[in-house]
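# Architecture and fold: a report
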Amino acid sequence: MDLWLITSGSIAAIIIGLGIIFVWMFIKERRSGYPSQDERTRRITGKAATYALYIGQYFTIALLAANIISREFYGQYAYEEGYALLASMLSYSLSFIGLRMFFNRKGDF
């Protein structure tokens, strides 16, 4: 089977899965009866966003470095730019979601 077909299907499944998770979390927060944004929630979201930004930036730098090293030593790129862009977007998004859930369960910090 073609690698592109498998990769494209996986990417589409991940995007659809993330969309379903976001909608489910939004509906769950709406039905909880609590205000959606209070001081603690804003602080947790801000901290998670800051850490996710750093993680995503380091991941993107690592991808670029791997691509540059591959090009210089082997004469070909390690991966296409589309895959690198998708991987970077997923690292930003998934790290934000994970950190927000972690900080939310951790309690006061």
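Provided above is the structure to which this section pertains.
Residues numbered from 1 in each chain as written. Predicted model: local features only at pLDDT ≥ 70, side-chain atom pairs only at ≥ 80, totals over all residues. Heavy atoms only, no water.

### Brief notes about the packing of aromatic side chains
Note the threshold: Classification of ring pairs uses Phe, Tyr and Trp, with its six-membered ring standing for Trp, and accepts pairs whose centres are within 6.5 Å; under 30 degrees between planes counts as stacked, over 60 as edge-to-face, and the remaining range as tilted. Secondary structure counts use DSSP, requiring at least four H or I residues in a row for a helix and at least two E residues in a row for a strand, with both numbered from the N terminus.
Counting across every chain of the model gives 2 aromatic pairs. With a centroid separation of 5.8 Å and 55° between ring planes, the pair formed by Tyr51 and Phe103 is classed as tilted. Here Phe103 lies in helix H3 (residues 81–106) and Tyr51 lies in helix H2 (residues 39–74), a separation of 52 residues in the sequence.

### A short note on the nonpolar core
Rules: Nine residue types can take part in a nonpolar core, namely buried Ala, Val, Leu, Ile, Met, Phe, Trp, Tyr and Cys, and a core is a set of them joined through side-chain atoms within 4.5 Å. In this scheme, a residue with accessible area under 20% of its type's maximum is buried, one over 50% is exposed, and one in between is partly exposed, where area comes from a 1.4 Å probe on protein chains only. Whether two residues touch is decided by their heavy atoms; if any such pair falls within 4.5 Å, the residues are in contact.
In terms of nonpolar packing, the biggest core is built from 5 residues, these being Ile44, Ala48, Ala52, Leu99 and Phe103. Mapped onto this core, the elements with two or more residues apiece are H2 and H3. At 3 residues, H2 tops the list of elements feeding residues into this core. Excluding residues that lie within four positions of it along the chain, Ala52 makes contacts with Tyr92, Ser95, Phe96 and Leu99.

### Here's the deal with the side chain of Ser70
Along the chain, Ser70 falls in helix H2. Excluding residues within four positions of it along the chain, Ser70 makes contact with Gly75, Gln76, Tyr77 and Ala78.

### Considering the packing of H2 against H3
The test is simple: Only the contacting stretch of a helix is used when fitting its axis, a line to C-alpha atoms as for every element, and angles between N-to-C directions run 0 to 180 degrees. Angles below 35 degrees are treated as roughly parallel, those above 145 as roughly antiparallel, those between 65 and 115 as roughly perpendicular, and all remaining angles as oblique. Note on convention: near helix rotated counterclockwise from far helix by under a right angle means a left-handed crossing. Clockwise means right-handed.
One can describe the packing of H2 onto H3 by two numbers: an axis separation of 8 Å at closest approach and a directional angle of 150°. Classified by the angle between their axes, H2 and H3 sit roughly antiparallel to one another. Helix-helix and strand crossings are classified by hand; for H2 and H3 the assignment is right-handed.

### Description of the side chain of Ser88
Relative to the helices and strands, Ser88 resides in helix H3. Residue classification places Ser88 among the buried residues on the basis of a relative accessible area of 9%.

### Quick notes on the packing of helix H1 (residues 3–31) against H3
The cut-off we apply is this: The classification used treats Ala, Val, Leu, Ile, Met, Phe, Trp, Tyr, Cys and Pro as nonpolar, Asp, Glu, Lys and Arg as charged, and all other residues, Gly among them, as polar.
Look at H1 against H3: their axes get within 12 Å of each other, and the N-to-C directions meet at 25°. If you check the angle between H1 and H3, you find them roughly parallel. Our pair here, H1 against H3, has a crossing hand that is left-handed. Residues Trp4, Thr7, Ile11, Ile14, Leu18, Phe22, Met25 and Glu29 of H1 lie in contact with H3, whose contacting residues are Tyr83, Leu86, Leu90, Leu94, Ile97 and Arg100. When its residues are assigned to classes, the contact of H1 with H3 shows 11 nonpolar, 1 polar and 2 charged.

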